[in-house]
Amino acid sequence: MDRAVITEQLLELVAEREVQAALFTTYTFEPDFFELEVIPLLLSQEMAYSADDRVKRFMVRENLREADLPIDVFYDLPMFRLSGDCSPEMEYLCNGVNLGNRAFHGKVNMILLKEKATEEETLLLGAGSNNLSHAGWWGNIECQHWEEISSGAVPRRLLNILQEEINFLNGYRSFDSGEKKSAIDHIEAFIYNCRGSYNADPVYYYGLSYPENHRSFINFLHRKPSPLRQYGNWSLEIISPFFADDAKNEEHKVFFNMGIDEIKLLLPFDSENNALCQDSYYEHIQAEEGIQWARWRDDVARSLGLNGEQFRCLHAKMYHFYNKRQSWVFVGSVNFTHKALYENVEAGFLAKLDKAGPLLEPIPDKVLIERFAEPDETVPGEIGEDELNAALPEFHLSYDWVSKRLTGRTARYHAYEIEILGSEGEPVISPWELRYQECEYEGDMQSLEKLLRNGSLVKVRGRNLKLKEKTEFPAHPVLLQQTGWSHKPLDLPELTASQILAIYAGMAPERRKMMLIDAKIRALFLGSQGGELTTYTHEQIIDQFFCEYAEIFSAFSKLRWRLEQAFEAEQYSQVDYYLTGTGVDSLTSLVNRSMDDDGEDGNLNAVTCYLVLLSALEIYRSENFIERQNVKKEAERVCREIESIKKGKRLKLENNGKKNRKHFFRWFEEEFFRTYTTVKGQQ
């Protein structure tokens, strides 16, 4: 598949529907690619993204926060230890799966959608060979298949498999998502409320939970209700980038026991035209009966873009069964290795093709294969057998910026004492004991917070408390889950207080986004990091938006109404973002900007600042909001700022004597809160 097919097919499948939740499983995981190129496909397509990665990342992060879209990623933990070189820069949940000497290799996509008109929910279920990586979505030859699941129109058997799959993934969740439901929670609710049908067309899905239930890929293909049992005289084409290391391996013979007459095995090549297999295995297959090496047919090669000078790496895994009547193809993650066929956690679909016929043709005898090379990647399932990797302990660490809590756990039956290390190798937390039951760190976290501002990949060292000698393990990288990004200090553009008030007053969402993008671009220019950057509009954002104090009260009234609506809808992350978050247009940011020097650079004069602080305090003291995390602390800060204005020289009265000032402010605040506070029983 080429780049256009995977991304455009997903956009076509989502169409005009709203994404409610998204879950991805992957073997290799590249967070930077996922955030810039996959997450935007799940969000509103109304505004084009910047071509500059720095501006685009800011836009995606902001759109993801506004959408309040839960996203879960499950990835192979041992593989990420070896290949992970960057960490998430926005909020979604990452769950590392450690299966020891087996690979978590399935690439499954579950995307929950809702029709805007009818609010009917459907689930897109996809599986293929492509990882969440640049090569997987844009570079390699990959394969992928999608099914759409609607209540009442889905086979009962498929629902049972999906329920098993959700139970399996729940067992590898790194943390409880807390107050906010995670993507897997939403998808689980849909699956369990979905009505199955015994009359629906069958869907042959090989799910992630199959190996856990002692059902291998070979069992899936051969046992009922497999359509392959209905006919005989099958030819099989195997397309795989990996083969067995054992030169005398005879995995292919299991297919002859299923009634396969002949097998063609695609021989992959690298960019230098080396055959990607052991020469001894090549000769072994050459000598075997009923199986032969093959290449793409010319018409198929042209459709894959392989007839030009550009090289494309083979990463697809396909098992194509055909005879004179029918053609079925398994599309998924299963390589032609013993680990993949019997042990690894894999996934894919067995789907019927419209017409029968081969994709491959035998390599003619006159073509000499003389140069061989090993694939660049380690065969999935063999990383866990590496002694160093296998000896590293399993840690699941999380820091929440809202509650300021660091929590962690390790694998069952293990206990460790760990330290998290800073950029210079110094500990940023005191020694901390971790066991399987999740526990909370009780020490100071200022140094940890400073470290986490730069990313989530941290180094951990420590010792094994289960061993008599308390053996130390080497320092190694761990992906620490960060949550509560609305409260994390980020390199964000700054809006003036007037601009923030304009947003509260009901500025159109598109205009708000353009204002934020404009501020981000100006910040990059001011920091001499601009490069080739352009804004989306030539219209100037007007800083001085408010001319009358009444409009301040209107702005806060609209903000409070929106927060009350979000609270009733249980959109708590949106509520917390505006109440105490660090975002560009949060109340916290408005208070900070209001206290800047009087009237400079679009900031507020002393009178307006005083009114803004009183209005913010009124919202903080609201019954629905006062018990939210950090609100009391923020309300106390606002009170201190109000007292500072009342006692300082910034705001001058006509009669500026101490006694008159005290009398005036007491009277004004009594009137302010009496006038703008709703009293029960009165209209």
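Let us look at the structure shown here.

We now examine the sheet that holds strand β24 (residues 481-483). Taken in spatial order, the four strands make up an open sheet running β21-β18-β17-β24, and their pairing is mixed. Looking along the sheet, the strands with just one partner apiece sit at the ends: β21 (439-440) and β24. Pairing of strand β17 (residues 395-400) with β24, which is carried by three bridges, proceeds in the parallel orientation. Bridging across to β24, D400 finds its partner in T483.

Along helix α10 (residues 279-287), the positions that sit buried rather than exposed are Y281, Y282, H284 and I285. For α10, the arc enclosing every buried residue in end-on projection is 160°, short of the 170-degree limit, so these residues lie on one face. In this structure, the buried side of α10 is in contact with β11 (260-266) and β12 (291-296).

The contact between helix α6 (residues 156-170) and helix α7 (residues 183-193) brings their axes to 10 Å, and the two run at 155°. Judged by the inter-axis angle, α6 sits roughly antiparallel to α7. Pair α6 / α7 crosses with left-handed handedness. Contacts between α6 and α7 involve L159, L162, Q163, I166, N167, L169 and N170 on the former and, on the latter, I184, I187, E188, I191 and Y192.

With respect to burial, strand β15 (residues 348-352) is a largely interior element, four of its five residues being buried. Pairing between strand β9 (residues 204-206) and β15: three bridges, direction antiparallel. Paired with Y204 across the two strands is L350, which belongs to β15. With five bridges connecting them, strand β14 (residues 327-332) and β15 associate as antiparallel partners. Bridging from a neighbouring strand, W328 pairs with K352 of β15.

Counting across every chain of the model gives 24 salt bridges. A salt bridge links E37 to K56; the shortest N-O distance between them is 3.3 Å. Here E37, found in helix α2 (residues 31-42), pairs with K56, found in helix α3 (residues 53-67); they are 19 residues apart in sequence, far enough to count as distant. For K56, a relative accessible area of 11% puts it in the buried group. Of the charged contacts in the structure, one is a salt bridge between E164 and R215, with a shortest N-O distance of 2.8 Å. Placement of the pair is E164 in helix α6 and R215 in the loop between β9 and α8 (217-222), with a sequence separation of 51 residues.

The element strand β4 (residues 107-114) is largely enclosed, with a buried count of seven among its eight residues. The pairing of strand β1 (residues 18-26) with β4 spans six bridges and is classified as antiparallel. Within the sheet, the bridge partner assigned to A22 lies in β4 and is I111. Judged from the eight bridges that link them, β4 and strand β5 (residues 121-128) form a sheet pairing that is antiparallel. Note on β5: the bridge partner recorded for V108 is A127. Hairpin connection between β4 and β5: a loop of six residues separates the two successive antiparallel strands, and E119 in this loop has a positive phi of roughly 60°.

Let us now look at the sheet that holds strand β22 (residues 457-464). Strand order across the open sheet formed by four strands is β20-β19-β22-β23, with antiparallel pairing between neighbours. Every interior strand has two partners, whereas the edge strands, β20 (432-434) and β23 (472-479), have only one. The average angle at which neighbouring strand axes cross in this sheet is 35°, direction not considered.

Scoring rules and cut-offs
- Residues numbered from 1 in each chain as written.
- Predicted model: local features only at pLDDT ≥ 70, side-chain atom pairs only at ≥ 80, totals over all residues.
- Heavy atoms only, no water.
- Pairing = 2+ DSSP bridges.
- Helix = DSSP H or I, 4+ residues; strand = E, 2+ residues; numbered from the N terminus.
- Buried < 20%, exposed > 50% of the residue type's maximum accessible area, 1.4 Å probe, protein only.
- Arc of directions from axis to C-beta.
- Contact = heavy atoms within 4.5 Å.
- Axes fitted to C-alpha atoms, helices over the stretch in contact; angles between N-to-C directions.
- Parallel < 35°, antiparallel > 145°, perpendicular 65-115°, else oblique.
- Left-handed = near helix turned anticlockwise from the far one by under 90°.
- Salt bridge = Lys/Arg side-chain N within 4 Å of Asp/Glu carboxyl O.

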